[in-house]
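Residues per chain, in single letters:
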Amino acid sequence: MFKTVTIPESLRPHDARFGSGPSKIRPEQIRALAEGGATLLGTSHRQDPVKHLVASIREGLSDFFSLPSGYEIVLGNGGASAFWDLACASLIARRAAFGSYGSFSAKFAQSASSAPFLDDPVIFEAEPGSYRIPERTEHVDAYCWAQNETSTGVAAPARRVEGSLEQKALVLVDATSGAGALPVDVSQCDAYYFSPQKAFGSDGGLWVAALSPAAIDRAYSLAGEAERDGSTRWVPPFLSLRSAIENSRKDQTLNTPAIATLIMLAEQVRWLNANGGLAWSTARCARSANLLYQWAQASEYATPFVNDPQARSHAVVTIDLDGAIDAKQVIAVLRDNGILDTAGYRKLGRNQLRIGVFPSVEPDDVEALIRCIDYVVERL
Ligand SMILES: *Cc1c(COP(=O)(O)O)cnc(C)c1O
């Protein structure tokens, strides 16, 4: 058993959800469910009201990301994990190269190495806490990495690999926890994909991707290849990007989506755009993240886990604690006080706090969280 500490109400954050995904859902999003939802929930996704909702998400995200001409917002069921398998079936022609530097980036590489119709991937590995972007490699047709490695709090650039355009290789960026929180020039990616339960503060279960014309062409050509006699490629219908593109163009999904997730996502996109779009949200996340990094650097018992200041994420902040302080105990006491989901990634196994500072999180609440951590550590 451990000692607990009661944090005075006046010190606590107004909203104390700091998860790295699922993350805080704003009260306005929940209100949108109760209000807009009354006419949408429990109705057909093949009818106009839900199609209009999907259209508002697609248009809103096109504005938010200043989508280059020819790019399309495509969505489907299954989340970013499903998109990895979909990319193996529908975007990687023969061989991909991966940056692998944490749990999520490693999982996509694993999917590609187990696909029987793909050649073994080339993997560029880095220690957790740093990142490595795949380098130009012969006979590679897709370069893949994560913009924000959620398991370690590392942010990597999302830009074309030198020479990849000449090679006609695609750049597939896992932006699950980066999209909406970190700056991006989508023209540097062929697929910039994410799930809505991180910076878009919605529920899980959906994937969304901004696709370039080259990615769309690739999806059509691989779907055609799979249909040819004797092809070893398998594109299961659920993992067909061609069919996701065709459904998305009609503001639908291949199979039944969670309408609640769509409603909350639409409200978040509306809110982000109304406040100033990507520039506003990335500045807000940077402010929250820097409060934590500056505090940790000045603190006697806390240090940013990521050494390179340029690679410190503005979406998910990881802070190591001095060995004399048990992070598990701090996290448990915070939870006893209603301050939720500050634990490090379990498999990383460090004495660490991990704090999601997505756009929905108020920077003032981050300041309050810092006061609460200090309050708890002084009293343990
Ligand atoms: C959360 C996360 C995923 C997995 O998302 P799901 O919606 O659970 O499939 C993939 N990549 C990154 C970088 C993530 O943060």
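Before reading on, note that the structure itself is shown above.
Residues numbered from 1 in each chain as written. Predicted model: local features only at pLDDT ≥ 70, side-chain atom pairs only at ≥ 80, totals over all residues. Heavy atoms only, no water.

**Student:** Help me get a handle on the sheet that holds strand β2 (residues 96-100), residues and values and all.
**Tutor:** What the seven strands build is an open sheet, ordered β1-β9-β8-β7-β4-β2-β3; its pairing is mixed. Strand pairing shows two members of the sheet lacking a second neighbour, β1 (72-77) and β3 (122-125), which therefore form its edges. Across the sheet, the mean angle separating the axes of adjacent strands is 20° when strand polarity is ignored. Pairing analysis gives three bridges linking β2 to strand β4 (residues 142-146), with the strands arranged parallel. Bridging across to β4, alanine 97 finds its partner in tyrosine 143. Here helix α4 (residues 79-90) sits on the sheet and contacts β1, β7 (170-174), β8 (191-194) and β9 (206-211); the angle it forms with β9, its principal contact strand, is near 55°. (Pairing = 2+ DSSP bridges. Helix = DSSP H or I, 4+ residues; strand = E, 2+ residues; numbered from the N terminus. Axes fitted to C-alpha atoms, helices over the stretch in contact; angles between N-to-C directions. Contact = heavy atoms within 4.5 Å.)

**Student:** Residues and numbers for empty space enclosed by the protein, please.
**Tutor:** Considering all chains together, one arrives at two cavities of 30 Å³ or more under this definition. The calculated volume of the largest cavity comes to roughly 80 Å³. As for the largest cavity, its lining consists of Leu75, Gly76, Asn77, Leu86, Trp207, Phe238, Ser240, Ser243, Ala244, Thr253, Leu254 and Asn255. Residue assignment for the lining of the largest cavity shows that the elements contributing at least two residues are β1 and α7 (241-249). In terms of residue count, β1 provides more of the lining of the largest cavity than any other element does, three residues in total. By residue class, the composition of the lining of the largest cavity is six nonpolar, six polar and no charged. The space that makes up the second largest cavity amounts to roughly 40 Å³. Lining the second largest cavity, in full, are Trp84, Phe98, Gly99, Phe104, Ser105, Phe108, Cys144, Trp145, Ala146, Asp174 and Tyr193. Secondary structure elements with two or more residues in the lining of the second largest cavity: β2, α5 (103-114) and β4. Of the residues contributing to the lining of the second largest cavity, the split by class is eight nonpolar, two polar and one charged. (1 Å grid on protein atoms, 1.4 Å probe; cavity = no way out; pocket = protein on both sides within 12 Å on 5 of 7 lines; lining within 4 Å. Points joined across faces, edges and corners; volume = space filled by probe spheres on them. Nonpolar A, V, L, I, M, F, W, Y, C, P; charged D, E, K, R; others polar.)

**Student:** Give a detailed account of the state of the cysteines, specifying residues and quantitative values.
**Tutor:** Using the criterion set out here, one finds zero disulfides in the structure. No disulfide involves cysteine 189; its nearest neighbouring cysteine sulfur is the one of cysteine 144, lying 11 Å away. Since its relative accessible area comes to 0%, cysteine 189 is described here as buried. (Disulfide = S-S within 2.5 Å. Buried < 20%, exposed > 50% of the residue type's maximum accessible area, 1.4 Å probe, protein only.)

**Student:** Provide a residue-level description of the site of the ligand, including the pertinent values.
**Tutor:** Around the ligand sit 13 residues in total, of which Ser81, Thr150, Asp174, Ser195 and Lys198 are the nearest. Contact distances for the ligand include 2.7 Å between a nitrogen atom and a side-chain N or O atom of aspartate 174. Broken down by element, the residue count for the shell around the ligand peaks at four residues, all from α4. Of the residues belonging to the shell around the ligand, the class tally is three nonpolar, eight polar and two charged. (Near = heavy atom within 4 Å. Polar contact = N/O pair within 3.5 Å; in protein donor to acceptor, adjacent residues only side chain to side chain.)

**Student:** Could you give me a rundown of the layout of surface pockets, with the residues and numbers involved?
**Tutor:** Approximately 230 Å³ is the volume found for the largest pocket. Around the largest pocket, the lining is made up of 13 residues, and of these Lys328, Ile331, Gly344, Arg350 and Gln352 lie nearest the centre. Ranked by residues supplied to the lining of the largest pocket, first place goes to helix α10 (residues 327-336) with three residues. Here the residues of the lining of the largest pocket sort into five nonpolar, four polar and four charged.

**Student:** Explain the nonpolar core to me, using residue names and the numbers behind them.
**Tutor:** Membership of the largest hydrophobic core comes to 52 residues, with the highest contact counts inside it found for Leu61, Phe65, Trp145, Tyr192 and Phe200. Here this core gets nine residues from one element, more than from any other, and that element is helix α8 (residues 259-275). Not counting the four nearest positions on each side in its chain, leucine 61 is found in contact with Ile73, Phe194, Phe200, Val208 and Val269. One finds Val74, Trp84, Val235 and Ile245 within the second-largest nonpolar core, a separate group that totals 38 residues. (Core = buried A, V, L, I, M, F, W, Y, C linked by side-chain atoms within 4.5 Å.)

**Student:** Summarise the pairing of β9; cite the residues concerned and give the values.
**Tutor:** For β9, the tally of buried residues reaches six of six residues, placing the bulk of the element in the interior. Alternating positions in β9 separate into two faces, Leu206, Val208 and Ala210 on one and Trp207, Ala209 and Leu211 on the other, with burial throughout. For β1 and β9, the ladder comprises six bridges, and the chain directions are antiparallel. Bridging from a neighbouring strand, glutamate 72 pairs with leucine 211 of β9.

**Student:** For the pattern of salt bridges, give the residues involved together with the corresponding values.
**Tutor:** Taken as a whole and judged by the stated rule, the model has 18 salt bridges. For aspartate 141, the salt bridge is made with arginine 218, and the minimal N-O distance between the two is 3.2 Å. One end of the pair, aspartate 141, is in the loop between β3 and β4; the other, arginine 218, is in helix α6 (residues 213-227), with 77 residues separating them in the sequence. Assessed through its relative accessible area of 11%, aspartate 141 is described here as buried. Its salt-bridge partner being aspartate 341, residue arginine 335 comes within 2.7 Å of it at the nearest N-O pair. In the salt-bridge network here, residues are joined through shared partners; they are Arg26, Glu28, Glu267 and Arg270. (Salt bridge = Lys/Arg side-chain N within 4 Å of Asp/Glu carboxyl O.)

**Student:** If you had to explain α7 to someone new, which residues and values would you point to?
**Tutor:** Here α7 has its buried residues at Leu241, Ser243, Ala244, Ile245, Asn247 and Ser248. Lining the buried residues of α7 we find α3 (48-64), β1, α4, β9 and α6. At the exit of α7 stands aspartate 251, carrying a positive phi of roughly 55°.

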